[in-house]
Structures are given as C-alpha cells and as structure tokens.
Amino acid sequence: MATGGSNPSLNFCAECNNLLYPEVDRSNHVLLYSCRNCNYREEARENVVFRNDLKSVSKEQPGVIDSIRTDPTLPRRHDHICPECGHSESVYFQDQSKRIQNRMILFYVCTNCEACYMDELATDQR
C-alpha cells in the first residue's frame, strides 16, 4: 500500500503481493493501481500525476563501438571515400532501428579516422 507524502512509493497487491501498476479508469475518471497477475485493483489514495507517454523518437543512430574499424566480422569496402579524410577503406553495417516502414540504411566507419557517415543514397531519399 502506498504512503502519502512527496516521495513516490511502490504499491503492492493485497492478494498476491506483486507490484501494482497505475491504470486510468476513464469511465469513473480515477487513477487505479492494478495487479498484472490477478484482478486486484485499488483506487489511488493520494493525489498523484500519472503520465502515460507513448511518444518515442526513432531515428537513424549508428551505435558505433570502440575499435569498430578493426572488427573482423564487419564487411569492408575499398571504394567508399571518407568525407572527413578522403581515405577509401571503410567498414559498414545496417541501421538497427525498428520501424514499420524500414528502408535499409548503411552506416560507414572510416578505417583511418573512424568518422561515421551514412550511405549517400539514404541521405538523398530523405
């Protein structure tokens, strides 16, 4: 059971002792705490603000790790010029973000200066 005050606390189910999660009862316009394991629900006793933020930002992010240029598992190209230093060798990998409409985006990492850049075709199609 939650305690009052300014500090947030955890609420536990009176039937199975599992964690209670906030849930909105839109028909009665109240905030409930409900158990995900059984049907136990209780009305929130203190005034709290419940925010259910579903917005997530998904954009192309390379996820480059240290010493990626020496990774033997990544494919290499010798004809892709680095925009930073002009070196022609790079390793490349595909964008790992999950989207419904997913076009293939390749990220390149220069083996000389470790500059990360995207495929020109992907940047032209934006």
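Here, residues in each chain are numbered from 1, in the same order as that chain's written sequence. In keeping with the model being predicted, local features are shown solely for residues with a pLDDT of at least 70 and side-chain atom pairs are shown and tallied solely at 80 or more, while totals for entire chains, interfaces and linings include all residues. Side-chain numbers here rest on the full set of heavy atoms in the structure, without hydrogens or water.

## With respect to the environment of Q94
1) Next: With respect to the helices and strands, Q94 occurs in strand β5 (residues 90–94).
2) Next: Expressed as a C-alpha distance, the spacing of Q94 and I105, which sit 11 residues apart in the sequence, is 5.7 Å.
3) Next: Only heavy atoms enter the contact rule, under which two residues are in contact if any of them lie within 4.5 Å. Ignoring any residue separated from it by four or fewer positions in sequence, one finds Q94 in contact with M104, I105 and L106. Here a strand is any run of E in DSSP of at least two residues, a helix any run of H or I of at least four, and the numbering for each starts at the N terminus.

## Concerning the UniProt feature "zinc finger region: C4-type" (unreviewed entry) in the protein
1) Next: UniProt positions are given in the numbering used here, feature names are shortened, and annotations may be inferred rather than shown by experiment. In the numbering used here, UniProt assigns the "zinc finger region: C4-type" (unreviewed entry) feature to residues 13–38.
2) Next: End C-alpha atoms of residues 13–38 are separated by 9 Å, and the span's content is 0% helix alongside 46% strand.

## What about the sheet that holds strand β4 (residues 76–77)?
As a general point, the strands of a sheet are linked pairwise by backbone hydrogen bonds and lie either parallel or antiparallel.
1) Next: Read across the sheet, four strands follow the order β4-β5-β6-β7 without closing on themselves; strand pairing throughout is antiparallel. Two strands in the sheet have a free side with no partner beyond their single neighbour: β4 and β7 (116–118).
2) Next: DSSP-based pairing: two strands are paired if at least 2 bridges between them are found. Where β5 meets strand β6 (residues 106–110), five bridges bridge the pair, whose relative direction is antiparallel. Residue pairing in the sheet places S90 in a bridge with C110 of β6.

## Observations regarding the pairing of β6
1) Next: Note on exposure labels: buried denotes an accessible area under 20% of the residue type's maximum, exposed denotes more than 50%, and partly exposed covers the range between, all computed with a 1.4 Å probe on protein chains only. Within β6, five of the five residues are buried, which leaves it mostly tucked inside the rest of the structure.
2) Next: Residues of β6 alternate between two faces, with L106, Y108 and C110 on one and F107 and V109 on the opposite face, all of them buried.
3) Next: Note: β6 against β7, three bridges, orientation antiparallel. Bridge pairing in β7 links Y108 to Y117.
4) Next: Connecting β6 to the antiparallel partner β7 that follows it, the hairpin turn spans five residues, and E114 within it adopts a positive phi of roughly 60°.

## Considering the sheet that holds strand β3 (residues 41–43)
1) Next: Overall, antiparallel pairing links the three strands, which are arranged β1-β2-β3 in an open sheet. Two strands close off the open sheet at either side, each with one partner strand: β1 (20–25) and β3. Averaged over all pairs of adjacent strands, the angle between their axes in this sheet comes to 35°, without regard to strand direction.
2) Next: Direction of pairing for strand β2 (residues 30–35) relative to β3: antiparallel, over a ladder of three bridges. In the sheet register, S34 faces β3, and the bridge partner there is R41. Helix axes are fitted to C-alpha atoms over the stretch in contact, other axes to C-alpha atoms as well, and angles between N-to-C directions run from 0 to 180 degrees.

## Focus: the nonpolar core
1) Next: Only buried Ala, Val, Leu, Ile, Met, Phe, Trp, Tyr and Cys residues count toward a nonpolar core, and they belong to the same one when joined by side-chain atoms within 4.5 Å. By size, the foremost hydrophobic cluster in this structure holds eight residues: I68, L74, V91, F93, I105, F107, V109 and M118.
2) Next: Taken together, the elements giving at least two residues each to this core come down to β5 and β6.

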